[in-house]
Every structure is written in structure tokens, then in C-alpha cells.
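Read off the chains here:
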Amino acid sequence: RAADAVEMMDRPASFEEISGCLDTIARFNGFFGGRRLTLRHVRSLVASLPADRPLTVLDVGAGAADIPVALVRWARRSGRRVRVFALDSGAFTLRVARRRIAAYPEITLVQGDALALPVSPGSVDLVISAMTLHHLQPEGAVRYLAEMDAAARLGWVMNDLVRGRAAHRVVWVLTHLLSRSAMARHDGPLSVLRSYTPPEVAALCEKAGLFDVAVAHHAVFIRQCAVRKKS
């Protein structure tokens, strides 16, 4: 794992650079299954709940808020009421997200730290997070997983890339073919190198005291989802 590598997104950058990179991530989430995987696991977590029961969801590291928007669209189609809190630490990132959520009053933007969530324990039904874990070193990753678990009443879904040589080559080619963003072209392949493998994610969960987390490897999408359903 390229633990010491630094992505351009994690350095000071202009609004234009951040916006271009986030737009690429949102498009890739749509093209290559990132949003669908999170929604699939969310639907499974709430399948036994009455359709008229409102849901509260916290998205940690929401980026451009494309997953919260997809979640609200699903809830509208399903006739389910939902309130989504989209949290990110970056002011520019939240500025990009604000444009995307204009037609979705169910979504509230929150500026905050994934390692110190500004919510009380058990204050939301579900916590979701995508493309955030690989930005964290193991100690921070353990704290991040524990914070999400503490905030969620019903369960949580963590979606991230999977490290591998083939995955690195695929992402390098796709970002260079499909994005004009220099930040996305740099950070996309590097994100794969910084990512954890499914056994490593399982070990991080155990270090956080979470021994019943299911880690699903979605190899076709170069993704993995760690899911915990609380009893």
C-alpha cells in the first residue's frame, strides 16, 4: 500500500481543480457502479422496515453529493421519506455539492471531520461512506469506522476501491481517456495504490471492535463494501 503518497485532493487546491475532480468521481460512480453498490446494501439494511418509516442517513465524506442525490431519488420512487446529512470537511467540496443538491431539500450539507463526527451516538438510522477510507492511515481508518458505527442506529455501509495491479492499470486508462481533470488523472490511479484489500478492511474493523462486519468484494467494479447491520 502506498501509505505515504499524497493525493492532490488532500493538498491545498483551487475551486476549479476540486470541482473538476469531484465531477469525474461522480461520473465514475455512475458509470462503474459505485452508487448502485451503496444503494444495493442500503436497500438490504432497510428491507424489513415499514415503507412509511422515515429514514435518517449520514453520508461521511460526501464529496459532490451524488450518492445522497441517488439515495433521495430512490426514496422518492419508493414512497419512503428520507433525510440525508451530507458531511465533508472541505469548503470547496461543499460548494460543489450545493449546486448538485439544489432540487433536493431532503439533503442538508454539513462541514465536519470524519474522525470526529459532529453527531450524537445513535442519532441517525444509517451511515454511508464512499471513497474516503483510502485517504486514511490505519489508525485514522480504525477511528473512522468506529465513529460511523457509533452514529448509526441500524447499520452502515462503507464503499471504497480495492488495491491491485490490474485495478491500477484500468483506473489509469479510464481517467486518462474519460477525464480532462489533471487532479483526477493523478489521484485516480494513486487512490487504487492507497486503497486497502478486503482482508485489510476486515482487520481494521476488528481493531475498531467490530467483529460482525461483512466485507463484500465487488471485483468487476474494483470496489468493496463493508456492511454492518445492527441487531
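The coordinates are above.
If you're wondering where the values come from, they're calculated on a predicted model, not measured in any experiment.

Quick word on the overall build of the protein chain
- Each helix and strand counted, the protein chain has 8 helices and 7 strands in total.
- Taking 2.2 N^0.38 as the reference for a compact globule, 231 residues should give roughly 17 Å; the C-alpha atoms of the protein chain span a radius of gyration of 16 Å, in line with that estimate.
- Taken along the three principal axes of its C-alpha coordinates, the protein chain extends 45 × 40 × 30 Å.
- Classification of the 231 residues of the protein chain by burial places 52% in the buried group.
- The contacts of the protein chain with a sequence gap of at least 6 include a subset with a gap of at least 24, amounting to 78%.

A short note on the packing of helix H2 (residues 34–46) against helix H3 (residues 66–78)
- Following both chains from N to C, one finds H2 and H3 inclined at 45°, their axes separated by 10 Å at the closest point. When the axes of H2 and H3 are compared, the pair comes out oblique. As for the relative orientation of H2 and H3, their crossing is right-handed in sense. The residues of H3 that touch H2, namely those facing Arg 35, Thr 38, Leu 39, Val 42, Arg 43 and Val 46, are Asp 66, Ile 67, Ala 70, Leu 71 and Trp 74.

Some words on the packing of aromatic side chains
- A complete count under the given rule lists 1 aromatic pair for this structure.
- Residues Phe 15 and Phe 92 carry aromatic rings whose centres are separated by 5.7 Å and whose planes lie at 75° to one another, so their mutual orientation is edge-to-face. One end of the pair, Phe 15, is in helix H1 (residues 15–31); the other, Phe 92, is in helix H4 (residues 91–100), with 77 residues separating them in the sequence.
- Given a relative accessible area of 11%, Phe 15 falls into the buried group.
- Above the ring of Phe 15, the side-chain terminus of Arg 95 is found at 3.7 Å from the ring centroid.

Observations regarding the state of the cysteines
- Under the criterion given, the structure shown has 0 disulfides.
- No disulfide involves Cys 225; its sulfur sits 12 Å from that of Cys 205, the nearest cysteine.

What about H4?
- Of all the positions in H4, only Thr 93, Leu 94, Val 96 and Ala 97 are classed as buried. The arc that holds the buried residues of H4, viewed along the axis, is 155°, so those residues lie on one side.
- Elements in contact with the buried residues of H4: H1, strand E2 (82–88) and strand E3 (107–111).

Details of the packing of helix H5 (residues 138–151) against helix H8 (residues 198–207)
- Where H5 meets H8, the closest approach of the two axes is 8 Å, and the angle between their N-to-C directions is 65°. One finds that H5 runs roughly perpendicular with respect to H8. As for the relative orientation of H5 and H8, their crossing is right-handed in sense. Listed contacts from H8 to Pro 138, Ala 141, Val 142 and Leu 145 of H5 are Leu 204, Cys 205 and Lys 207.
- By residue class, the composition of the contact of H5 with H8 is 6 nonpolar, no polar and 1 charged.

Side note on a nonpolar patch on the surface
- Taken together, the side chains of Phe 31, Trp 172, Val 173, Leu 177 and Leu 178 define a hydrophobic patch exposed on the protein surface, amounting to about 520 Å² of accessible area.
- Checked against the element boundaries, Leu 178 lands in helix H6 (residues 165–178).
- Among the residues examined, Leu 178 registers a relative accessible area of 38% and is labelled partly exposed.

Here we look at the side chain of Thr 38
- The residue Thr 38 is located in helix H2 in this model.
- Overall, Thr 38 belongs to the buried group, its relative accessible area being 3%.
- Apart from the residues within four sequence positions on either side, Thr 38 is in contact with Ile 67, Ile 128, Val 157 and Asn 159.

A few points about the environment of His 218
- Looking at the secondary structure, you find His 218 in strand E6 (residues 214–218).
- Linking His 218 and Leu 161, residues 57 residues apart in sequence, is a C-alpha distance of 9.5 Å.
- Setting aside anything within four residues of it in sequence, one finds His 218 in contact with Leu 37, Arg 40, His 41, Arg 223, Gln 224 and Cys 225.
- Engagement of the side chain of His 218 in a polar contact is seen with the side chain of His 41, the distance being 3.2 Å.

A word on the sheet that holds strand E4 (residues 124–130)
- Taken in spatial order, the 7 strands make up an open sheet running E3-E2-E1-E4-E5-E7-E6, and their pairing is mixed. Of all the strands in the sheet, the pair left with one neighbour each is E3 and E6. Strand-to-strand twist across the sheet, computed as the mean angle between neighbouring axes with direction ignored, equals 20°.
- Where strand E1 (residues 55–60) meets E2, 6 bridges bridge the pair, whose relative direction is parallel. Bridge pairing in E2 links Thr 56 to Arg 83.
- In the packing of H3 onto the sheet, contacts are made with E1, E2, E3 and E4, and the angle to E2 comes to roughly 175°.

What counts and how
Here the residue numbering is sequential within each chain, running from 1 through the sequence in written order. Two thresholds apply to this predicted model, a pLDDT of at least 70 for residue-level local features and 80 or more for giving and counting side-chain atom pairs, whereas whole-chain, interface and lining totals are computed over all residues. Derived side-chain values reflect all non-hydrogen atoms in the structure, with water molecules and hydrogen atoms excluded from consideration. Each helix corresponds to a stretch of at least 4 residues labelled H or I by DSSP, and each strand to a stretch of at least 2 residues labelled E; elements are numbered beginning at the N terminus. In this setup the radius of gyration rests on C-alpha atoms only. A globule is expected at 2.2 Å times the number of residues raised to 0.38. Accessible area is worked out with a 1.4 Å probe on protein chains only. A residue is then buried under 20% of its type maximum, exposed over 50%, and partly exposed in between. In what follows, residue pairs with any heavy atoms lying within 4.5 Å of each other are defined as contacts. Note on method: axes are straight lines fitted to C-alpha atoms, helices fitted across the in-contact stretch only, with angles between N-to-C directions ranging 0 to 180 degrees. What sets the label is the angle itself: under 35 degrees gives roughly parallel, over 145 gives roughly antiparallel, 65 to 115 gives roughly perpendicular, and the rest give oblique. Here a crossing is called left-handed whenever its near helix is offset anticlockwise from the far helix by less than a right angle, and right-handed whenever the offset is clockwise. A pair of aromatic rings is counted whenever rings of Phe, Tyr or Trp (Trp by its six-membered ring) have centres within 6.5 Å, and the orientation is called stacked for planes under 30 degrees apart, edge-to-face for over 60 and tilted otherwise. Any Lys NZ or Arg CZ found within 6 Å of a ring centre and within 35 degrees of that ring's normal is scored as a charge over the ring. For the purposes of this analysis, a disulfide is any pair of cysteine sulfur atoms at a distance within 2.5 Å. To obtain the arc, one takes the directions from the helix axis to the C-beta atoms. Any residue outside Ala, Val, Leu, Ile, Met, Phe, Trp, Tyr, Cys, Pro, Asp, Glu, Lys and Arg is labelled polar, Gly included; the first ten of those are nonpolar and the last four are charged. Each patch is built from residues lacking any salt bridge and having more than 30% relative accessible area; the joining distance is 9 Å for like charges and 5 Å for nonpolar side chains (Val, Leu, Ile, Met, Phe, Trp, Tyr). Working definition of accessibility: Shrake-Rupley area with a 1.4 Å probe, residue cover restricted to the visible protein chains. Every case where a carboxyl oxygen of Asp or Glu lies within 4 Å of a side-chain nitrogen of Lys or Arg is listed as a salt bridge. Within 3.5 Å is the distance limit for a polar contact, defined as a pair of N or O atoms, with the added protein rule that one can donate a hydrogen and the other accept it, and that residues adjacent in sequence qualify only through two side-chain atoms. Strands pair, by our definition, only if DSSP identifies at least two bridges between them.

As far as function goes, none of this settles anything; it's purely spatial.
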